[in-house]
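Residues per chain, in single letters:
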Amino acid sequence: MKRALLSQMAHEWKTNIWFVIELVIVTYAILFLLLLLWSTSKGIFDPRGFSPDNVYSIDVRGVSESSPYYLPEYEENFLEDREELIRRLKENPNVEYVSLHNNFLPYQLSWIGSGIRFEGPDSIIYSGNFRYAEPDIIKLLDIRSVTGKSQDELVAILERGEILISPDADFEEVNGPIEKFAGKTVYVHGQEENRTKIGDIVYSIKREDFQNAPNSVILPLQGNSRWNNIILKVKPGRDKAFEEDFYSDYDLTHLRNVYFTNLKSLVKMGESLNMETNIKIRLIIGISTFFLITIFLGLLGSFWFRVQQRVSEIAIRKTFGATNKELFQRIIGEGLLLLVGAIIIASACIWPFIGRISEKTGEKWYMFLTVEAITAGLIAIGIILSLWYPAWRAMKIEPAIAVKEE
């Protein structure tokens, strides 16, 4: 039967060429939409690196000298007054953790960073996004170790003045597994006098949920700058109660020339930052769904007409003893063979350039292979569904009636 099918398809080569061209165009269109959807949303599958639940950001501000509420005699007490307000926050019954930070706030599109250089003759440099905070930031943001260390151990690492770094595929490709660098002595590039150690490896802290996680370097907060801000975590279920306290209790947020303001939920910050990407993903999914439905209807029409032209052939084959199963296999096999030809042609046109495309997009070659396989699978399902119903209807016609009508 296979030889007969191939012979028949070769005999109808003119018609089949147009079907193959149509399927090649469909393949490229679906391939493009799937790659666009993957490149836009793939970051969501990486670990976020922190938990935003019950976490708030608070800005520290000073009363302006031009304000009637400014108290010049307490200007030198700014840091002490800030510490007093932090103490009051920690004593609030709704609060679990409070931490000062500099550039640590997740969902903040900051690229502040530098390189750390490993001590030794090889001059290995690891570059990352520098984030400074007090040690409690580990528990506050639920930061996790890649190597299995507990959060208490990570807190102790920062208390000792050591730093934490995150995995980096490009760095590891050149220098080997990142875990082997734990315990190594390093210094910030250009600051040879300030040496420390890598205490452990932790998951990268994302700037937004759909991006690939950037390299993160977590360092103990350096100095007691008045420009440091606050990250705070409330106890589960206490969000509303804390917000009411923050806005109603003046003594909780104001002390002489210092005040806390701009209370922002990390969850809401994430929703706002991710909104544009979410809309883009929904738009791509909507376009893809509409396109797939249109393709299915087009295939249904094309194959319906193709099957209807073979009603008499089906009737004759049934007369000579062909079963419905054999006829189904023949009809659907013809459609799938056309798809195989289209996939081969499409692959032959794109794969010679896959190295350059991978370099431009940052995707590995096997990702394109996976998306191509999914594309072929979707089209195959469309072909099978498009052929099944018209073939079933054609086989319901009595052979004698079909031949007479023909």
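Residues numbered from 1 in each chain as written. Predicted model: local features only at pLDDT ≥ 70, side-chain atom pairs only at ≥ 80, totals over all residues. Heavy atoms only, no water.

Asker: Before we go on, may I ask you to explain the overall build of the protein chain in this structure?
Answerer: Within the protein chain one finds 14 helices and eleven strands. Out of the 406 residues belonging to the protein chain, those deemed buried represent 44%. The contacts of the protein chain with a sequence gap of at least 6 include a subset with a gap of at least 24, amounting to 79%. Total accessible area on the protein chain is roughly 22100 Å²; 58% of this is exposed by carbon and sulfur atoms. (Helix = DSSP H or I, 4+ residues; strand = E, 2+ residues; numbered from the N terminus. Buried < 20%, exposed > 50% of the residue type's maximum accessible area, 1.4 Å probe, protein only. Contact = heavy atoms within 4.5 Å. Areas by Shrake-Rupley, 256 points an atom, 1.4 Å probe, with all protein chains shown as cover.)

Asker: Please clarify how the pattern of salt bridges should be interpreted in this entry.
Answerer: Pairing between side chains of opposite charge can happen when their charged atoms approach one another. Inspection of the entire model under this criterion finds eleven salt bridges. Across the salt bridge formed by arginine 256 and aspartate 81, the nearest N and O atoms sit 2.8 Å from each other. Remark: aspartate 81 occurs in helix α3 (residues 78–91) and arginine 256 occurs in the loop between β10 (254–255) and β11 (258–265); sequence separation between them is 175 residues. Using a relative accessible area of 4% as the deciding quantity, one classes aspartate 81 as buried. A salt bridge links arginine 82 to glutamate 83, with the shortest nitrogen-to-oxygen separation between them at 3.7 Å. One connected set of salt bridges, linked through shared partners, spans Glu84, Arg87, Arg88 and Glu91. (Salt bridge = Lys/Arg side-chain N within 4 Å of Asp/Glu carboxyl O.)

Asker: Any chance you could explain the layout of surface pockets here in plain terms?
Answerer: Which parts of space are left empty comes out when a probe the size of a water molecule is rolled across the atoms. Its volume calculated, the second largest pocket comes out at about 200 Å³. As for the second largest pocket, its lining consists of 14 residues, and the residues nearest its centre are Val188, Asn194, Thr196, Leu219 and Gln222. The set of elements that each furnish at least two residues to the lining of the second largest pocket consists of β4 (125–133), β6 (185–188) and β8 (216–220). Looking at which element gives the most residues to the lining of the second largest pocket, the answer is β6, with three residues. A class-by-class count of the residues in the lining of the second largest pocket yields nine nonpolar, five polar and no charged. (1 Å grid on protein atoms, 1.4 Å probe; cavity = no way out; pocket = protein on both sides within 12 Å on 5 of 7 lines; lining within 4 Å. Points joined across faces, edges and corners; volume = space filled by probe spheres on them. Nonpolar A, V, L, I, M, F, W, Y, C, P; charged D, E, K, R; others polar.)

Asker: How do you make sense of the packing of aromatic side chains when you look at a structure like this?
Answerer: What describes a pair of aromatic rings is the distance from one ring centre to the other and the angle between the planes of the rings. This structure, assessed with the given rule, holds nine aromatic pairs. For the ring pair phenylalanine 50 and tyrosine 107, a centre distance of 5.3 Å and an interplane angle of 75° mean the geometry is edge-to-face. With a gap of 57 residues between them, phenylalanine 50 in the loop between α2 (13–41) and β1 (55–62) and tyrosine 107 in the loop between β2 (95–102) and β3 (113–118) connect regions that are remote in the sequence. You'll find phenylalanine 50 and tyrosine 107 in the same group, each marked buried. Between the aromatic rings of tyrosine 126 and phenylalanine 171, the centroid separation amounts to 5.4 Å while the plane-to-plane angle is 80°, which identifies the pairing as edge-to-face. Note that tyrosine 126 is positioned in strand β4 and phenylalanine 171 in helix α6 (residues 169–175), a separation of 45 residues in sequence. In this structure tyrosine 126 comes out as buried when scored by relative accessible area, which is 0%. (Phe/Tyr/Trp six-rings, centres within 6.5 Å; stacked < 30°, edge-to-face > 60°.)

Asker: Help me understand the environment of serine 127, please; the structure alone is not making it clear to me.
Answerer: Among the secondary structure elements, serine 127 is positioned in strand β4. Residue classification places serine 127 among the partly exposed residues on the basis of a relative accessible area of 44%. Taking the C-alpha atoms as reference points, serine 127 and valine 188, 61 residues apart in sequence, are found 9.7 Å from one another. Filtering out sequence-adjacent residues up to four positions away, serine 127 remains in contact with Ser114, Gly115 and Asn215.

Asker: Would you mind going over the nonpolar core with me for this structure?
Answerer: Side chains that are nonpolar tend, in soluble globular proteins, to be buried together. Counting 38 residues, the largest nonpolar core has Ile58, Leu89, Ile165, Ile230, Leu232, Phe242 and Phe260 as the members making the most contacts within it. Setting aside anything within four residues of it in sequence, one finds leucine 232 in contact with Asn54, Val55, Tyr56, Ile58, Leu89, Val95, Tyr97, Val98, Leu140 and Phe242. The next biggest cluster of nonpolar side chains, apart from the first, holds 23 residues, and it includes Leu299, Phe303, Leu338 and Ala380. (Core = buried A, V, L, I, M, F, W, Y, C linked by side-chain atoms within 4.5 Å.)

Asker: What is the right way to read α3 from this model?
Answerer: Along an α-helix, residues three or four positions apart point the same way, because every turn accommodates 3.6 residues. Along its 14 residues, α3 runs 20 Å from first to last C-alpha, staying within 8% of the 20 Å computed at 1.5 Å per residue. Every buried residue of α3 is accounted for by Phe78, Asp81, Arg82, Leu85, Ile86 and Leu89. What you see down the axis of α3 is that its buried residues fit within an arc of 145°, all on one side. (Expected span 1.5 Å × (residues − 1). Arc of directions from axis to C-beta.)

Asker: I tried to follow the confidence of the model for the protein chain on my own but got confused; where do I start?
Answerer: The predicted coordinates of low-pLDDT regions are not to be read in fine detail. When pLDDT is averaged along the protein chain, the result is 80, and 85% of the positions lie at 70 or above. Across residues 1–6 the pLDDT falls below 50, and counting only partners more than four positions away or on other chains, this stretch makes nine contacts in the model. (pLDDT = per-residue confidence, 0-100.)

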